Amino acid sequence: MSAVVVHAMAHQEELPLAIRVRGLTNTFGDQVVHESLDMDVRPGEIVGVVGGSGTGKSVLMRAILNLRRPQAGVIEVLGVNALSEDKDARLAVERNTGVLYQNGALFSSLTVMENVSVPLKEHYPELPLDIVHDLAMLKIRLSGLADTAAAKYPSQLSGGMRKRAGIARALALDPALLFLDEPTAGLDPIGAAAFDELIRTLQQALGLTVFLITHDLDTLYTICDRVAVLADRRVLINAPLAEVETFDHPWVQEYFHGPRGRAAQSAQQSPNAHAGPGEKE
Ligand SMILES: Nc1ncnc2c1ncn2[C@@H]1O[C@H](COP(=O)(O)OP(=O)(O)OP(=O)(O)O)[C@@H](O)[C@H]1O
């Protein structure tokens, strides 16, 4: 291992965590979704969060984003207490986190340009409108949409374009962290591969930390630095994929070594994996 790599790794260890979760408990009535859950996300990595249906992936994301108050636990985002009642702390977390919900969750009565402008106007009401427009257009282009998409309404876009518009809006405030809830769900394989590529490109170009909930094995194999597995009310393992694949747990073995897991693995090993056209939707 070169001295540069050793230095870089040592440096990364010293950086404060992007997300730190300790002792998180989430319940709904009698149902315990998380119990004393711990999770770390390091800055600059893409973490894929997987787990069976109902294991609490979305609830975990909502708790980190302070959209749901847990019964117990500590959550820090970039060193700030994300559960704080303090207005400045909440604002700091809000400005540093961009979210892409399933289906983009755009306002249907607003154009793409207006949708992307919403967070800018809300957080920086003093910004002149021409600057808001230029910033929003920059994000629309960054998300891989053509300029002509800016004037369109969500109903006039394809599913993939809506997701790209959702990414543009998530990036509006230049957040350090990007949260994605099943970003490739509903996309055809070529569209999904192109979207994975977009996430990786944006992460590298903007130095983002990405928290990504997915069921898509191709996404895990293609772009995730780490995989966090939710099961038994906690994060079972949070490690590079090679390590997770060998983890001794029935769900993990079924997921990674079932037919779909094997297919995704061999696609990744093939030299032409995901060599589809870098198409724009
Ligand atoms: N607002 C709520 N009220 C009651 N129960 C809820 C609420 N939100 C989530 N739950 C329950 O918490 C559990 C975890 O839900 P969550 O949506 O986080 O699962 P998930 O891992 O994201 O599942 P999937 O992969 O199917 O999307 C589920 O049993 C769900 O029914």
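The shown structure was predicted, so the numbers you read here are calculated from the model rather than taken from an experiment.

In terms of burial, strand S9 (residues 226-231) is largely enclosed, as 5 of its 6 residues are buried. Sheet analysis places S9 next to strand S10 (residues 234-239), joined by 5 bridges and oriented antiparallel. Paired with Ala-231 across the bridge in S10 is Arg-234. Once S9 ends, the chain turns through 2 residues before running back antiparallel as S10, passing Asp-232 with a positive phi of about 55°.

Further remarks concern the confidence of the model for the protein. A low pLDDT means the predicted coordinates there should not be read in detail. Per-residue pLDDT for the protein has a mean of 88; in total, 86% of the residues score no lower than 70. Mean pLDDT values over the elements of the protein span from 51, in helix H1 (residues 3-14), up to 97, in strand S8 (residues 209-213). The model gives residues 1-6 a pLDDT under 50, and that stretch makes 1 contact with residues more than four places away or in other chains. When the criterion is pLDDT under 50, residues 273-281 qualifies, and its contacts beyond four places in sequence or with other chains add up to 17 contacts. Reported confidence for the predicted complex is 0.97 by ipTM and 0.88 by pTM.

Attention now moves to the site of the ligand. Within the structure, the ligand sits among Phe-28, Val-33, Gly-51, Ser-53, Gly-54, Thr-55, Gly-56, Lys-57, Ser-58 and Val-59. Among the elements that line the shell around the ligand, the one with the most residues is helix H2 (residues 57-64), at 3 residues. For the shell around the ligand, the class distribution of residues is 3 nonpolar, 6 polar and 1 charged.

Note on sheets: strands pair through backbone hydrogen bonds, and any given pair is parallel or antiparallel. A sheet is described by the order of its strands in space; here 6 strands give the open sequence S6-S7-S8-S3-S9-S10, paired in mixed fashion. The open sheet has two free edges, formed respectively by strand S6 (97-100) and S10, since each of these has just one partner strand. For this sheet, the mean inter-axis angle between neighbouring strands, taken without regard to orientation, is 20°. Contacting strand S3 (46-51), strand S7 (177-181), S8 and S9, H2 crosses the sheet at an angle of about 145° to S8.

With that out of the way, let us pick up unusual backbone geometry. In this structure, Glu-182 is a non-glycine residue whose phi angle is positive, near 50°. Looking at the element boundaries, Glu-182 is found in the loop between S7 and helix H7 (189-206). Here Glu-182 falls in the partly exposed class, since 19 other C-beta atoms lie within 10 Å of it.

Of all hydrophobic cores here, the largest spans 69 residues; its most connected members are Val-47, Ile-64, Val-210, Phe-211 and Leu-212. In terms of residues, this core owes the most to one element, H7, which gives 6 residues. Excluding anything up to four places from it in sequence, Phe-211 contacts Ile-19, Val-41, Val-47, Val-49, Met-61, Leu-177 and Phe-179.

Once that is clear, we can look at the packing of helix H4 (residues 112-123) against helix H6 (residues 159-170). It is the contact of H4 with H6, at a shortest axis distance of 8 Å, that shows an interaxial angle of 30°. Between H4 and H6, the crossing angle belongs to the class labelled roughly parallel. Our pair here, H4 against H6, has a crossing hand that is right-handed. Residues Val-112, Asn-115, Val-116, Val-118 and Pro-119 of H4 touch H6, and the partners they reach there are Ala-165, Ala-168 and Arg-169. Partitioned by chemical class, the residues of the contact of H4 with H6 number 6 nonpolar, 1 polar and 1 charged.

Moving on, we get to the sheet that holds strand S4 (residues 72-77). Strands sit in the order S2-S1-S4-S5 across an open sheet of 4 strands; the sheet is antiparallel. Both outer strands of the open sheet, strand S2 (31-41) and strand S5 (80-81), are each paired with one neighbouring strand and no more. Helix-sheet contacts for H2 involve strand S1 (19-28), S2 and S4, and the interaxial angle to S1 is about 120°.

Rules used in this analysis
- Residues numbered from 1 in each chain as written.
- Predicted model: local features only at pLDDT ≥ 70, side-chain atom pairs only at ≥ 80, totals over all residues.
- Buried ≥ 20, exposed ≤ 12 C-beta atoms within 10 Å, placed from the backbone.
- Helix = DSSP H or I, 4+ residues; strand = E, 2+ residues; numbered from the N terminus.
- Pairing = 2+ DSSP bridges.
- pLDDT = per-residue confidence, 0-100.
- Contact = placed C-beta atoms within 7 Å.
- Near = placed C-beta within 6 Å.
- Nonpolar A, V, L, I, M, F, W, Y, C, P; charged D, E, K, R; others polar.
- Axes fitted to C-alpha atoms, helices over the stretch in contact; angles between N-to-C directions.
- Core = buried A, V, L, I, M, F, W, Y, C linked by C-beta atoms within 7 Å.
- Parallel < 35°, antiparallel > 145°, perpendicular 65-115°, else oblique.
- Left-handed = near helix turned anticlockwise from the far one by under 90°.

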